[in-house]
Amino acid sequence: MTAAAAPAASPASTGEQSGVRLARSRRNAELSLLLLAMVLVAAYAAMIEAKALDTITSDFWVPAAALGLVFLGLHLVIRWLAPYADPALLPAVALLNGIGVGFLRRYDLAQAAPAERADLAIFAGTGGRQLAWTLAAVALAAGLLAILRDHRTLSRYAYTLGLAGIVLVMIPAVLPGRFSEINGAKLWIRVGGFQIQPGEFAKLALLTFFAYYLVRKREVLSLASRRVLGIDFPRGRDLGPVLVVWLVSILVLVFEKDLGTSLLYFGMFVVTLYVATERVSWLLIGLILFFGGAYLAYVLGSTVGGPFANFYDRAQIWLDPFAEPYDRGYQLVQGLLTLGTGGLFGAGPGGGQPTLLPEVQTDFIFAGIGEEIGLFGLSALLVVYLLIVERGLRAALAVRDSFGKLLAGGLAFTLGLQVFVIVGGISKLIPLTGQTTPFLSAGGSSLMANWLLIAVLLRVSDGARRPVTGGRGPAARPGGGAPDQLHGAPTEVIRP
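As the structure is a computational prediction, the values presented were derived from the model and not from experiment.

**A word on the overall build of the protein chain**
- When helices and strands are tallied, the protein chain shows 15 helices and six strands.
- In the protein chain, which comprises 496 residues, the share counted as buried stands at 54%.
- For the protein chain, the exposed surface amounts to about 21,600 Å²; the carbon and sulfur share of it is 66%.

Right, here's the structure in full:
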C-alpha cells in the first residue's frame, strides 16, 4: 500500500500564512524599536538628574516606564487593528514624545528651588502634565484606529470636515483678544483655566477635504493653457481654488497674526495640488502668491498699520533682532545665544539654563534642548522627524487609491513643514511663529492633533502594505481601492 499524498496547500492559504508571518515580523520589529526608544528616554532622564541634581534618584525611570506602558498599549492596538502598518512610525514618535517629557521635567527642576529639586514629584509641573496629555493623545489615536478601519471612509465626510476646519480656523480670529491671544498671536480659545488651539485640529480636517477635492478635480487642474520656459501653466479660470485658499491664509496672517499657521495651511494645499497634478507651475504660483501677499502685508503694516502692524513688527524683529535685544528682540536673541552656547556637543542633558529662555517649554523648546545636546543632538532629532516624514511619503506611494495617496502625502508634508517653520523661526531663517514643535512642546492641542495625524498614517500604511489574499482582487485589500489613477490609470471608486 502506498500512503495517500498530502493535499497541496492552496495559493490562497499560502498567501494568508505568508501575510500573517509578515505582519508578525513587522510588529515584532516595532516592539523591539519601541523598547530601544524607551531605554534611550530612560537614559536621557538619568543624565538630566546626574547633571542637574549631582545624583540619580531611585525613581528616575518612572516617567520612561509610564510612557513605555502607554506606548505598549498602542502597540497592542496596532498589532490587533493595523497589523501591516509601518513598524517605524510608532517608535520614532515615541522617542520624540519621550524626550519632550524628559526635557519638560528638566525645566521643572530648573524652576524649583535647589533644596527642593531632589524631592520634586515625578508627575508634578509641566512634565507631569505633558505625561498626562500623552496618555490622552495616545488613547485618542487608539480610538481613531478602532473607529477608522479604512482611510477611504474619511472621503465620505470631506465637505463636513472642510467646513469644520474653516470654522476652527475662524473662531480665534473673531474672538476678543483676551479669549484668543497669547504672545501677540490669536490662535487660542481660552475660557477660564481651559485653553485649546483649534488650528491644530483644523489642519487635519482641511487636509482631508483638500485630498478629496483634488482627487475629483485634478484632471481639470492639470490642463495647461500655455508653456513658458518649459513649464506648463494652468488656465486662468482654474486658479479659483488656489486664490480662495491664498486669501484665507492671508486673512490668517493678518487677523490671527501668525505667519506659521498661514504658511502651513497654504503650503499643504499647494503641495497636495502639486502631487495631484504633477504641475511644477502650481508650486511657482503658490510661492509667488504667498510671498507676494506677505510682502504686501509688510508694506501695509509700515504705512497703514492696523491689523497689519503685528506682522510688520515681527518682520522687523526678524530682520534685526539685535536692534532692541532687551525689548522686542529679546526672545529671538536669547534663542540664538542659547543655540550658540550649545555648540556642537551641548552642555549635556541637565547642564543648560532653560529658565533664561522665554517660552522654552513651548515655542522655543527646540532651542532649549539644543543648548544641552548641541548641534549633533539636534541633527539627530531632525533625522527622526525626517524618518517619520519619509515613512509617511512611502505609505503614500504604496497605497493604491488616489485619495489615500494625497492624504498620506499631505499629512507627511504638513508635519515636515511644521518642523521647518519652528526651526526656521528660532534660527532666524524666517520670522518667528506661534507654532509648537510636534511631540516635543508642552500642550495638549498639538500633542493630540499630531498623534491623530500619526494614527491616520498608520491606517493608510496598513492598507498599503496589506497583502491581497483569498483571490478577491484589490477589493480584498483595505485601503486598496482600484488601481492608482494619479498617472492615468483607470477610474477608481473612493468609497470603501
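**Re the packing of aromatic side chains**
- All chains considered together, the criterion is met by eleven aromatic pairs.
- Measuring from centroid to centroid gives 6.2 Å for Phe209 and Phe210, while their planes differ by 55 degrees, and the two rings are tilted.
- What makes Phe210 buried here is its relative accessible area of 6%.
- On the numbers, 5.9 Å between centres and 75 degrees between planes, the contact of Phe439 with Trp451 is edge-to-face. Of this pair, Phe439 sits in the loop between helix H14 (402-426) and helix H15 (444-465) while Trp451 sits in helix H15, and the two are twelve residues apart along the sequence.

**Focus: a nonpolar patch on the surface**
- There is a patch of nonpolar side chains on the surface, built from Tyr274, Val275, Val280, Leu284 and Ile288 and spanning about 400 Å² of accessible area.
- For the nonpolar patch, the secondary structure elements donating two or more residues are helix H9 (259-277) and helix H10 (280-303).
- Of all the elements, H10 adds the most residues to the nonpolar patch, at three residues.
- Summarising the element assignment, Leu284 is placed in helix H10.

**A short note on helix H12 (residues 330-342)**
- Taking 1.5 Å as the rise per residue, H12 with 13 residues should run 18 Å; its terminal C-alpha atoms sit 18 Å apart, in good agreement.
- Where H12 is buried, its residues meet helix H11 (309-319), helix H13 (365-398) and H14.
- In the stretch just after H12, Gly343 is the one whose phi turns positive, near 60 degrees.

**What to know about the packing of H10 against H11**
- Packing of H10 against H11 leaves a shortest axis separation of 8 Å and a crossing angle of 100 degrees. Regarding the angle of H10 to H11, the classification is roughly perpendicular. Contacts between H10 and H11 involve Ala294, Ala297, Tyr298, Gly301 and Ser302 on the former and, on the latter, Ala309, Phe311, Tyr312, Ala315, Gln316 and Leu319.
- For the contact of H10 with H11, the residue count by class is eight nonpolar, three polar and no charged.

**Things to note about the nonpolar core**
- Counting 121 residues, the largest nonpolar core has Phe71, Ile369, Leu381, Phe439, Trp451 and Ile454 as its most contacted members.
- A per-element tally of this core places helix H3 (residues 89-111) first, with 13 residues.
- Those residues in contact with Trp451 that sit more than four places away from it in its chain are Phe71, Leu74, Leu90, Val93, Asn97, Ala137, Val138, Ala141 and Phe439.

**Some words on the pattern of salt bridges**
- Summed over the entire model, instances satisfying the criterion amount to twelve salt bridges.
- Among the ionic pairs, Arg105 bridges to Glu49, the shortest N-O distance being 3.9 Å. Linking Arg105 in helix H3 with Glu49 in helix H1 (residues 11-52), this pair joins segments that are 56 residues apart in sequence. A single burial state applies to Arg105 and to Glu49, both of which are buried.
- Among the ionic pairs, Arg465 bridges to Asp86, the shortest N-O distance being 3.1 Å.

**Structural notes on the packing of helix H7 (residues 199-221) against H15**
- Where H7 contacts H15, the two axes come as close as 8 Å, and the packing angle between them is 20 degrees. When the interaxial angle is binned, H7 and H15 end up roughly parallel. Side by side, H7 and H15 meet where Glu200, Phe201, Lys203 and Leu204 of the first sit next to Ser445, Ser446, Met448, Ala449, Asn450, Leu452 and Leu453 of the second.
- For the contact of H7 with H15, the residue count by class is six nonpolar, three polar and two charged.

**Brief notes about the side chain of Arg465**
- Looking at the secondary structure, you find Arg465 in helix H15.
- Overall, Arg465 belongs to the buried group, its relative accessible area being 18%.
- Separated by 3.1 Å, the side chains of Arg465 and Asp86 make a polar contact.

**Examining empty space enclosed by the protein**
- Applying the stated criterion across every chain, the model contains two cavities of 30 Å³ or more.
- When its volume is computed, the largest cavity comes out at roughly 140 Å³.
- Lining the largest cavity are 15 residues, with Ala45, Pro63, Val101, Gly102 and Arg105 positioned closest to its centre.
- Within this model, the second largest cavity holds a volume of roughly 70 Å³.
- Forming the walls of the second largest cavity are Leu187, Gln197, Gly199, Glu200, Lys203, Thr261, Leu264, Tyr265 and Gln435.
- Of the residues belonging to the lining of the second largest cavity, the class tally is three nonpolar, four polar and two charged.

Parameters and conventions
- Residues numbered from 1 in each chain as written.
- Predicted model: local features only at pLDDT ≥ 70, side-chain atom pairs only at ≥ 80, totals over all residues.
- Heavy atoms only, no water.
- Helix = DSSP H or I, 4+ residues; strand = E, 2+ residues; numbered from the N terminus.
- Buried < 20%, exposed > 50% of the residue type's maximum accessible area, 1.4 Å probe, protein only.
- Areas by Shrake-Rupley, 256 points an atom, 1.4 Å probe, with all protein chains shown as cover.
- Phe/Tyr/Trp six-rings, centres within 6.5 Å; stacked < 30°, edge-to-face > 60°.
- Patch = residues over 30% accessible without salt bridge, like charges linked within 9 Å, V, L, I, M, F, W, Y side chains within 5 Å.
- Salt bridge = Lys/Arg side-chain N within 4 Å of Asp/Glu carboxyl O.
- Expected span 1.5 Å × (residues − 1).
- Contact = heavy atoms within 4.5 Å.
- Axes fitted to C-alpha atoms, helices over the stretch in contact; angles between N-to-C directions.
- Parallel < 35°, antiparallel > 145°, perpendicular 65-115°, else oblique.
- Nonpolar A, V, L, I, M, F, W, Y, C, P; charged D, E, K, R; others polar.
- Core = buried A, V, L, I, M, F, W, Y, C linked by side-chain atoms within 4.5 Å.
- Polar contact = N/O pair within 3.5 Å; in protein donor to acceptor, adjacent residues only side chain to side chain.
- 1 Å grid on protein atoms, 1.4 Å probe; cavity = no way out; pocket = protein on both sides within 12 Å on 5 of 7 lines; lining within 4 Å.
- Points joined across faces, edges and corners; volume = space filled by probe spheres on them.

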